[in-house]
Amino acid sequence: MSIIKTAQGTYRVRAKYPKNVQLKLGLNSPYFDKIFKTRKEAKNAELDFKIKVKQLQDGSPVSIFEQGGGMLFKDFYETFFIDAYASGLTSNSKKLPSDVTVHATKTLFKHHLLPLFGAYTLNELNNNKIMVSQKMTAKAQEYANIKIIISYLNQLFDLAEEYDYIEHNRLTKILRKIKPIKQIKLEETKSEEEKYLTDSQLQEWFKAVESDYQSGSLSLQDYILFWVTYFLSDRKSESYAFKWKHIDFDNNIIHLEKALNKWGQEKGTKANKETDIVMPERLKKLLTMWQSEQTKAIQLLGMAQTSENYLFTYDSYRKPVYPDYLNYRMRRIEKRHPELAHATPHKLRHTSATLAKQYGMSMEEISQGLTHSGTTITKTYVNNRNVIPITPADFAYQKIVGGE
């Protein structure tokens, strides 16, 4: 065992665990290797290591190496993990998690991980892989996105290892073997046809939307929002984020740059892409009409229409629509038209991609049109943006309904 002074002025303690100790502790690396600020701390750590190795070889439990592991899972989460997570210390990503992500993580721990493991100590969990595996397998049967729970559980135990509360995270290997049972069963029972609308089902939706708008059951804003989301094949959060500055009528372009989170705050699009979409002719007519009508309504309230105003709003045009706004409108349409196949904004996105493929659009063009990452098609750049000359939705629309 040796203590080495580093170039940074700290002290590194490095020693090899005896083979029998490695096996008892379940270590991946055979080395004890830690950095300390002072030589005194390093000497104390060296002595402590030797004493614990001797005690373990004489029959003491493995917990002597993990004295901090007596802390409850719940207490470690509240005292250390959630603040470290929000500060980006539990991940290799260069970006900090957003407020929405931190909120979602807290919710996941509250409803899943804390009820499962909150009353156990770190050592009890880390030294009982079978029990943890059984509980997580049971959870996988009732919760589809088990992978995210596994990820957070691993992150917490990795942090406990970093903070020297446990000697080693022994759960990693067993957690990798947990299968997403509910997700697999859902996929097996869900037919391909349920993931998208057929062309005839889509036409029924077009007719219902048109009928509801003409009868006054659907407002002009909701009518326009449906067509924007359909024609652009975008994510609804991206439709909600459109401001008039993103609609370039002169050049016939829509600039897709932002999305809204669940609290109505702007964020980047998925993969932070910025995309220019050539405006379908029908959509251009609808947006021109909507700009005119919205301007009149805003002026009647004594306000001015500006390029910073959102296209789709509530509360007297002051706030962008809430996350499930379009889902709710589409559910209302379904209630008025029971003949319709069930659809959601995301299902419209699947539908446009599937029908475009059926009508002959290439996979590369569809991938580009959906602003997916990893497309292999040669991209045309204008100001470093992808340019989409025709969206999958417009391609399918022209095949189904015909051009205007």
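A brief structural summary. (Residues numbered from 1 in each chain as written. Predicted model: local features only at pLDDT ≥ 70, side-chain atom pairs only at ≥ 80, totals over all residues. Heavy atoms only, no water.)

**Points about the sheet that holds strand β3 (residues 31–36)**
1) Next: Strand order in the open sheet formed by 3 strands is β1-β2-β3, and the pairing between neighbours is antiparallel. Since the sheet does not close on itself, it has two edges, and those belong to β1 (2–5) and β3, each with one partner. Adjacent strand axes in the sheet meet at a mean angle of 20°, parallel and antiparallel pairs treated alike.
2) Next: When β1 meets strand β2 (residues 11–16), the two strands line up antiparallel, connected through 4 bridges. Bridge pairing in β2 places serine 2 opposite arginine 14. (Pairing = 2+ DSSP bridges. Helix = DSSP H or I, 4+ residues; strand = E, 2+ residues; numbered from the N terminus. Axes fitted to C-alpha atoms, helices over the stretch in contact; angles between N-to-C directions.)

**With respect to the nonpolar core**
1) Next: Core analysis: the largest hydrophobic core is formed by 48 residues, its most contacted members being Trp205, Ile224, Trp227, Tyr230 and Leu287.
2) Next: Every element with two or more residues in this core is listed here: α10 (199–215), α11 (220–232), β5 (253–256), α13 (281–300), α14 (325–336), α15 (345–358) and α17 (392–400).
3) Next: Excluding anything up to four places from it in sequence, leucine 287 contacts Ile224, Val228, Trp244, Ile247, Phe249, Ile254, Met279 and Leu311. (Core = buried A, V, L, I, M, F, W, Y, C linked by side-chain atoms within 4.5 Å. Buried < 20%, exposed > 50% of the residue type's maximum accessible area, 1.4 Å probe, protein only. Contact = heavy atoms within 4.5 Å.)

**Some words on the side chain of glutamine 155**
1) Next: Tracing the backbone shows glutamine 155 in helix α7 (residues 146–162).
2) Next: Take glutamine 155: its relative accessible area is 15%, and that puts it in the buried class.
3) Next: Each residue touching glutamine 155, except ones within four places of it in the same chain, is listed here: Phe81, Tyr85 and Thr90.

**What to know about the packing of α15 against α17**
1) Next: In contact at an axis separation of 8 Å, α15 and α17 are set at 60° when each is read in the N-to-C sense. Judged by the inter-axis angle, α15 sits oblique to α17. The crossing of α15 and α17 is left-handed. Each of Ser352, Ala353, Leu355 and Ala356 in α15 lies in contact with α17, whose residues at this interface are Pro392, Ala393, Phe395, Ala396 and Ile400.
2) Next: The residue makeup of the contact of α15 with α17, split by class, is 8 nonpolar, 1 polar and no charged. (Parallel < 35°, antiparallel > 145°, perpendicular 65-115°, else oblique. Left-handed = near helix turned anticlockwise from the far one by under 90°. Nonpolar A, V, L, I, M, F, W, Y, C, P; charged D, E, K, R; others polar.)

**Topic: the pattern of salt bridges**
1) Next: Evaluated as defined, the whole model comprises 13 salt bridges.
2) Next: Measuring nitrogen to oxygen at the nearest pair gives 2.8 Å for the salt bridge that ties aspartate 212 to arginine 336. With a gap of 124 residues between them, aspartate 212 in helix α10 and arginine 336 in helix α14 connect regions that are remote in the sequence.
3) Next: Linking lysine 245 and glutamate 308 is a salt bridge whose minimum nitrogen-to-oxygen distance equals 3.1 Å. Taken together, the residues span a long stretch of sequence, with lysine 245 in the loop between α12 (236–240) and β4 (247–248) and glutamate 308 in the loop between α13 and β9 (313–314) at a distance of 63 residues.
4) Next: Given the relative accessible area of 40%, glutamate 308 is considered partly exposed.
5) Next: One network of salt bridges, in which partners are shared, links Lys243, Lys245, Glu266 and Glu308. (Salt bridge = Lys/Arg side-chain N within 4 Å of Asp/Glu carboxyl O.)

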